[in-house]
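Overview (structure and organization)
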Amino acid sequence: MNKFDVIVIGGGPAGLGAAVEAARLGARTLLLDENSRPGGQLFKQIHKFFGSKEHYAGTRGFDIGENLLKEAASLNVVLKLDTRVWGVFPGGIVTAYCGEKGLKFEGKTIILATGASENVLSFPGSTLPGVITAGAAQTMVNLHRVLPGKKFVVVGSGNVGLIVSYQLKQAGAEVLAIVEALPQISGYAVHAAKVKRAGVRILLSHTVKEAIGEKILEQVILCKLDSNMKPIAGTEFTLDADTLCLAVGLNPRVELAALCGCHLIYSPVLGGMMPWHDENMCTSQSRILVAGDLAGVEEASTALDEGRLAGLSAVQKLGLRNFKEVDDEMQKIKDRLTKLRQGPFGEKRQLAKQGIISMKIPKESCL
Amino acid sequence: MAHIEEHPILGTMEKKKYVTVKVDGREIQGIEGEPIAAALLANGIKIFRFTHKFNEPRGLFCGIGQCTDCVMEVDGVPNVRTCVTPIREGMEIKTQHGFGKESTYE
Ligand SMILES: Cc1cc2nc3c(=O)[nH]c(=O)nc-3n(C[C@H](O)[C@H](O)[C@H](O)COP(=O)(O)OP(=O)(O)OC[C@H]3O[C@@H](n4cnc5c(N)ncnc54)[C@H](O)[C@@H]3O)c2cc1C
Ligand code: FES
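Residues numbered from 1 in each chain as written. Chains lettered and ligands numbered in written order. Predicted model: local features only at pLDDT ≥ 70, side-chain atom pairs only at ≥ 80, totals over all residues. Heavy atoms only, no water.

A separate point is the pattern of salt bridges. Oppositely charged side chains can pair when the atoms bearing their charge come close. Under the definition given, this model contains 20 salt bridges over all chains. Among the salt bridges present, the one from A:Lys324 reaches A:Asp328, with a minimum N-O distance of 2.9 Å. You can see A:Lys324 and its partner A:Asp328 sitting in helix α8 (residues 323-340), four residues apart, about one turn around the helix. On the basis of relative accessible area, A:Lys324 is assigned to the exposed category, the value being 51%. The class of A:Asp328 is partly exposed, set by a relative accessible area of 38%. B:Arg58 serves as the salt-bridge partner of B:Glu56, at 3.1 Å between the closest nitrogen and oxygen. Since its relative accessible area comes to 31%, B:Glu56 is described here as partly exposed. Among the charged side chains, a network of salt bridges with common partners joins A:Glu298, A:Glu299, A:Glu306, A:Arg341, A:Arg349 and A:Lys353. (Salt bridge = Lys/Arg side-chain N within 4 Å of Asp/Glu carboxyl O. Helix = DSSP H or I, 4+ residues; strand = E, 2+ residues; numbered from the N terminus. Buried < 20%, exposed > 50% of the residue type's maximum accessible area, 1.4 Å probe, protein only.)

Attention shifts here to the domain arrangement of chain A. All names here are of chain A. Domain annotation of chain A identifies domain 1 (2-117 + 250-358) and domain 2 (120-246). A separation of 31 Å is found between the C-alpha centroids of domain 1 and domain 2. When domain 1 packs against domain 2, the two sides together hide about 1,000 Å² of surface, and 64% of this comes from carbon and sulfur. Counting across the domain 1 and domain 2 interface gives one residue pair in polar contact (both at pLDDT 80 or more). Across the side of domain 1 that touches domain 2, the residue classes tally to four nonpolar, two polar and four charged. (Domains from an automatic or database assignment. Buried area = accessible area lost by both parts, 1.4 Å probe. Polar contact = N/O pair within 3.5 Å; in protein donor to acceptor, adjacent residues only side chain to side chain. Nonpolar A, V, L, I, M, F, W, Y, C, P; charged D, E, K, R; others polar.)

All names here are of chain B. Pairing is mixed in the open sheet, where five strands are placed in the order β4-β3-β9-β7-β8. Looking along the sheet, the strands with just one partner apiece sit at the ends: β4 (26-31) and β8 (77-81). Recorded for the sheet is a direction-independent mean angle of 40 degrees between the axes of neighbouring strands. Where strand β7 (residues 71-74) lies against β8, three bridges are found, and the strand directions are antiparallel. Considered in β8, the bridge of Val74 is made with Val77. (Pairing = 2+ DSSP bridges. Axes fitted to C-alpha atoms, helices over the stretch in contact; angles between N-to-C directions.)

All names here are of chain A. Bridging between strand β12 (residues 206-212) and strand β13 (residues 219-224) involves six bridges; their strand directions are antiparallel. Residue His206 lies in a different strand from β13, and its bridge partner there is Lys224. In this antiparallel pair of consecutive strands, β12 and β13, the connection spans six residues.

Of the residues lining the interface, 34 residues belong to chain B; the matching set on chain A comes to 36 residues. By the criterion of area lost to chain A, the three top residues of chain B are B:Ile4, B:Lys46 and B:Phe61, representing 23% of everything that side buries. Here chain B and chain A share zero salt bridges between them. In this structure, the connection of chain B to chain A is made through eight residue pairs in polar contact (both at pLDDT 80 or more). In terms of residue class, the side of chain B that touches chain A is built from 19 nonpolar, eight polar and seven charged. (Contact = heavy atoms within 4.5 Å.)

This brings us to the sheet that holds strand β14 (residues 237-240) of chain A. Residues and elements named next belong to chain A. Strand order across the open sheet formed by three strands is β12-β13-β14, with antiparallel pairing between neighbours. Every interior strand has two partners, whereas the edge strands, β12 and β14, have only one. Going from strand to strand, the sheet's axes swing by 30 degrees on average, the running direction of each strand aside. Bridge count for β13 against β14 is four bridges, and the pairing is antiparallel. Bridge assignment links Gln219 to a residue of β14, and that residue is Asp240.

What follows is the structure, given as structure tokens:
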């Protein structure tokens, strides 16, 4: 009853993509997610995606999510929500809890798609209520229709910082500034142009010095940075803000992968520590595959395709289908991923990924 | 602050069922099933707990159940992550002090 060909842990775009592909090719597939609704970060992404048609260009994140859910349901993917996985044991045993209940499943292959965590930034006052991650703001506004404040300052001009600022404006909030330590904007020019048009100023070579407030955030002190990223004395100024959003990057949620004994590597470009994987998303543990932000922080579209690749790869491993047929499908996805990883930002990720794939890591199998 | 009724992308908010809960004895309303934290923020409540050692205020931080900064006492149970716990009619929610009322660490 609790035995599956493929168990996917994490129901974001990567996990959904993996589950859909595995099930489509006939694998008995289980998808586990700790939330009461699947989709991971996808349902908070209310902007249109760009890229090619296969990558849902022009479609909004939540619509992509809905379509994937429908597909998963029609393919009889077994979906268990509110279920947090806490362990993976030899024999492919996956242990989880749902409320107070402990659950146990057995999987021939396991695909980890646990996503990422947001990075934090420490400065005096950074623990005050009102200092939140950009993701928290995005979740509250786009999923729950609640603005966590009225006047925002956003730290970080990467895509998350830019998009969240724009979405805060859309929801009727005031965004006083986006603060960026680097002398240039780190996100896509399209997103930057959009927030600028919406009247948000982007302060380059600036950082947060301090957050001030009696019990909750009332003011943010900013200052200028010199070319060595050191604060320049005397350049401090204060903004009256009730919410400070940190959009300073993501790091892969590697806990389960580490627990599984997957060989971990460090990749600054892809967010830090992450499980090593080969070109088919297989890790150093023969039973375990990875996909999405866990396998290096990128974007929703790459996460989805990596998930699909991992799903096919699992089917291939299990020998459920003609090897060559699956291989051809996998090649198509690999080509798409290469296309997605183009341009000044994508190229760096492509190189980092290639570097990882070409590492020689001994394959083990203690699970 | 209340909920965003009209949104350029999300559209008009559907009619929702409101529930009444008590926060430190005071009655507030929330939308059934939304995270407790969302209801609190919509009511302008930002301090969810005070830390054990230094009695410092904490509130929402990650919003997706990862950091535990948002924990409160809900129906007598301490350390409930309010950002991922749906709100239900009649809940008794309390600002948590330290490890919470039922903790044996105090
Ligand atoms: C705040 C934020 C905003 C972003 N905005 C954008 C954007 O605008 N555009 C864009 O392209 N990308 C954006 N991203 C990047 C985003 O991470 C990817 O788009 C994409 O969601 C990654 O997909 P994923 O499936 O790998 O991870 P996720 O979508 O994060 O899904 C992982 C899922 O696994 C679950 N999970 C983790 N551990 C366990 C466990 N032990 N047991 C059960 N379930 C578990 C998580 O709860 C989550 O539901 C954003 C990321 C964040 C954090
Ligand atoms: S805000 Fe991080 S767990 Fe709730």
